[in-house]
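Okay, here's what each chain looks like letter by letter:
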Amino acid sequence: MTKITSLLVIFIISHTNSMDYTFPNDFMFGTATAAYQIEGGWNEDGKGENIWDHLVHTRPELIKDRTNGDIACDSYHKYKEDVALAKNLNVKFYRFSISWARIAPSGVMNKLNQKGIAYYNRLIDELIKNNIVPIVTMYHWDLPQYLQDLGGWVNPIMSDYFKEYARVLFTYYGDRVKWWITINEPLEVSTGYAFNALAPYLRLNNAGYYLAGHTQLIAHGKAYRLYEEIFKSTQQGKISISISGLFFLPKNAESLDDIDTAERANQFDRGWFSHPVYKGDYPPIMRQWIDKKSKEESSPWSILPTFTEDEIKLIKGTADFYAFNHYSSRLVTQESGDPDSYYNSIANYYASVDESWLKVISCITAPVGLKKLLVWIKNEYGNPPMFITENGFGDNGQLDDLDRISYIKGYLNATLQAIHEDNCNVIGFTIWSLLDNFEWMDGFAIHFGLVKVDFNDPERTRTPKASYTFFKNVVTTGRLITNSFSKMSEL
């Protein structure tokens, strides 16, 4: 890193708006990655094809820069280098996902791939050797293609396939893995079945959207209960599901209509997957509006499936901590003359951004939304332990990534305020991502890493950015403020 970059990082750290709050001593800082986005080795050592392999190979024109994850960051071979980068950050944990098709090529557990199982054993052991806690995501969007051919997440039987997959992971890794995420961002997974958005890139509209979400909730519940009944007494781990979502703020804070609309939007977005886990069943307003919309469209039944009483009991109480990913916020109103507003036809709201919020590529900075979201979770679900399992900023890949530093600083500051001013029980914060990686439909056209990866270099050379130094300082000191140049230079 250049001397100029170091000085800029020090300047930004020293001029934060924080009131000099500190993070709790046991607060967990870490970074996150996902298997398809970093591993490569897409068909190596017995790994099967997943829905992203299938999409990028059969429809390469759908990816913005026509790239794919065949090699990605080559972390399948360079995982020790990645662990060393995480260790140098002084982070408490590293969140990564397991490729289902690397464990079982077809996704069915009657034929396991021992080389794939061995890879994750090596990664977990390397993390533990370096005093880094492994946080494992079981499913981060990469369903084995065979299971997709059976219908994927719109087929209710997928919950049983997932349960048996979870059983294998608990059996092979649960002696060392004590933090589990069942499914990452079930809402985004559901868009892949509804709106030609992500793999498997289907357009089943809202019926597919809500059915895929329904199956994932049942799958999560089955995996949690399996752990609870068979593994928890000996392994003593914790399990949750990472729920994504924007936070919706009223466009006019004085308007009761806008306040009600923002609450409805939040229930449709975050409440969709939170409410069944924490309160049982879907949010009442979500049920009311979707049932009404289905009736207006002369559907013979509601496009929002109904849980049985046994399924409600299965899912309720299946989170040992509230895991969530958050990147940005939106302003909402019922009426809008703004042609750039996004309209949600089911929940009847228009969403837009405040002109004062920083926008770079597709990232919109609005840390005020995170503070309000943390308070919302506290009030809605009884202040559970809250773990921010993703937060990050995408740019063009520059090493002097000052916009990323500003973004992270703002969201860390919002977290501190929520902890100290609102008594929110926040226990961890995760930066997406440790590495620049394959960003799904954007390919390599957008970069989220604290570490730059040269995708034109066969060696996939890694170079820490300015934000890497910034985040290391926060992790090491537990603070956003430092006035010590010498202390900074030692990191």
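Before any of the text, the structure's been laid out above.
Conventions we followed
Per chain, the residues get numbers from 1 upward, laid out in the order the sequence is written. In keeping with the model being predicted, local features are shown solely for residues with a pLDDT of at least 70 and side-chain atom pairs are shown and tallied solely at 80 or more, while totals for entire chains, interfaces and linings include all residues. Working from all heavy atoms in the structure, the side-chain values ignore hydrogens and water. Note on conventions: DSSP H or I runs of at least 4 residues are helices, E runs of at least 2 residues are strands, and numbering of each starts at the N terminus. Radius of gyration: over C-alpha atoms. The globule rule applied is 2.2 Å multiplied by the number of residues raised to the 0.38 power. When checking whether two residues touch, look at their non-hydrogen atoms; a contact exists if any pair is within 4.5 Å. Just so you know, the count uses Lys and Arg for positive and Asp and Glu for negative, and it drops His and the chain ends. A charged residue contributes its charge at one atom only: NZ of Lys, CZ of Arg, CG of Asp or CD of Glu. For every residue, the accessible area (1.4 Å probe, protein chains only) is compared with the maximum for its type, and the residue is labelled buried under 20%, exposed over 50%, or partly exposed between those bounds. When DSSP finds two or more bridges between a pair of strands, those strands are recorded as paired. Fitted lines through C-alpha atoms serve as axes, helices being fitted only where they are in contact, and the angles separating the N-to-C directions of these axes extend from 0 to 180 degrees. By definition here, a salt bridge exists when the distance from a side-chain nitrogen of Lys or Arg to a carboxyl oxygen of Asp or Glu is within 4 Å. Each aromatic pair joins two rings of Phe, Tyr and Trp (for Trp, the six-membered one) with centres within 6.5 Å, and gets the label stacked for planes under 30 degrees apart, edge-to-face for over 60, and tilted for any other angle.

(A) Here's a closer look at the overall build of the protein. When you go through the protein residue by residue, the secondary structure sums to 18 helices and 16 strands. In terms of C-alpha radius of gyration, the protein reaches 22 Å, essentially the compact-globule figure of 23 Å for 491 residues. Taking the principal axes of the C-alpha coordinates as reference, the protein spans close to 70 × 60 × 50 Å. Partitioning the contacts of the protein with sequence separation of at least 6, the portion at a separation of at least 24 is 77%. In the protein, 48 positive and 58 negative side-chain charges are present, and the distance between their average locations comes to 4 Å.

(B) Seen up close, the environment of Ile239. Along the chain, the position of Ile239 falls in strand 5 (residues 238-243). Owing to a relative accessible area of 1%, Ile239 belongs among the buried residues under this scheme. Distance in space between the C-alpha atoms of Ile239 and Val177 is 11 Å, their sequence separation being 62 residues. With sequence-adjacent residues up to four places away left out, Ile239 is seen in contact with Phe170, Trp180, Thr182, Tyr224, Tyr227, Thr318, Ala319, Asp320 and Phe321.

(C) Molecular detail of the sheet that holds strand 9 (residues 342-344). Strand order in the open sheet made by the 4 strands is 6-8-10-9, with mixed pairing throughout. A strand with exactly one partner marks an edge of an open sheet, and here the two such strands are strand 6 (247-250) and strand 9. Recorded for the sheet is a direction-independent mean angle of 35° between the axes of neighbouring strands. Sheet contacts for helix 11 (residues 256-269): strand 6, strand 8 (329-333) and strand 10 (349-352); angle to strand 6, the most-contacted strand, approximately 170°. Set on the sheet, helix 15 (residues 367-381) makes contact with strand 6 and strand 8; between it and strand 6 the angle comes to about 100°.

(D) Spatial organisation of the sheet that holds strand 13 (residues 386-390). The 8 strands are arranged 1-2-3-4-5-7-13-14 in a closed barrel whose pairing can be described as parallel. In this sheet, neighbouring strand axes are inclined to one another by 25° on average, regardless of whether the strands run parallel or antiparallel. Judged from the 4 bridges that link them, strand 3 (residues 133-139) and strand 4 (residues 179-184) form a sheet pairing that is parallel. Pairing of Tyr139 across the sheet is with Ile183, part of strand 4.

(E) A look at the pairing of strand 8. Where burial is concerned, most of strand 8 is hidden: 5 out of the 5 residues are buried. Residues Ser329, Leu331 and Thr333 point to one face of strand 8 and Arg330 and Val332 to the other, with burial holding for every one of them. Pairing geometry for strand 6 and strand 8, over 4 bridges, is parallel. What sits directly across from Phe247, in strand 8, is Ser329.

(F) Inspection of the pattern of salt bridges at higher detail. Taken as a whole, this structure holds 21 salt bridges when the rule is applied. The salt bridge partner of Lys129 is Glu126, with a shortest N-O separation of 3.4 Å. Here Lys129 pairs with Glu126, and both are found in helix 6 (residues 114-129), just 3 residues apart, close to one helical turn. Relative accessible area serves as the criterion here: at 59%, Lys129 is assigned to the exposed category. Arg176 is the salt-bridge partner of Asp175, the closest N and O atoms lying 3.1 Å from each other. One network of salt bridges, with partners in common, ties together Asp125, Asp175 and Arg176.

(G) Just the packing of aromatic side chains, in detail. With the rule as written, the count across this model stands at 48 aromatic pairs. On the basis of an interplanar angle of 55° and a centroid distance of 4.7 Å, the ring pair of Phe170 and Tyr227 is categorised as tilted. With a gap of 57 residues between them, Phe170 in helix 8 (residues 158-173) and Tyr227 in helix 10 (residues 205-235) connect regions that are remote in the sequence. With relative accessibility at 0%, the residue Phe170 sits in the buried group. Residue Tyr227 is classed as buried on the basis of its relative accessible area of 1%. Judged by centre distance (5.9 Å) and plane angle (85°), the ring pair of Trp376 and Tyr381 falls under edge-to-face. No difference in accessibility class separates Trp376 from Tyr381, as the two residues are buried.

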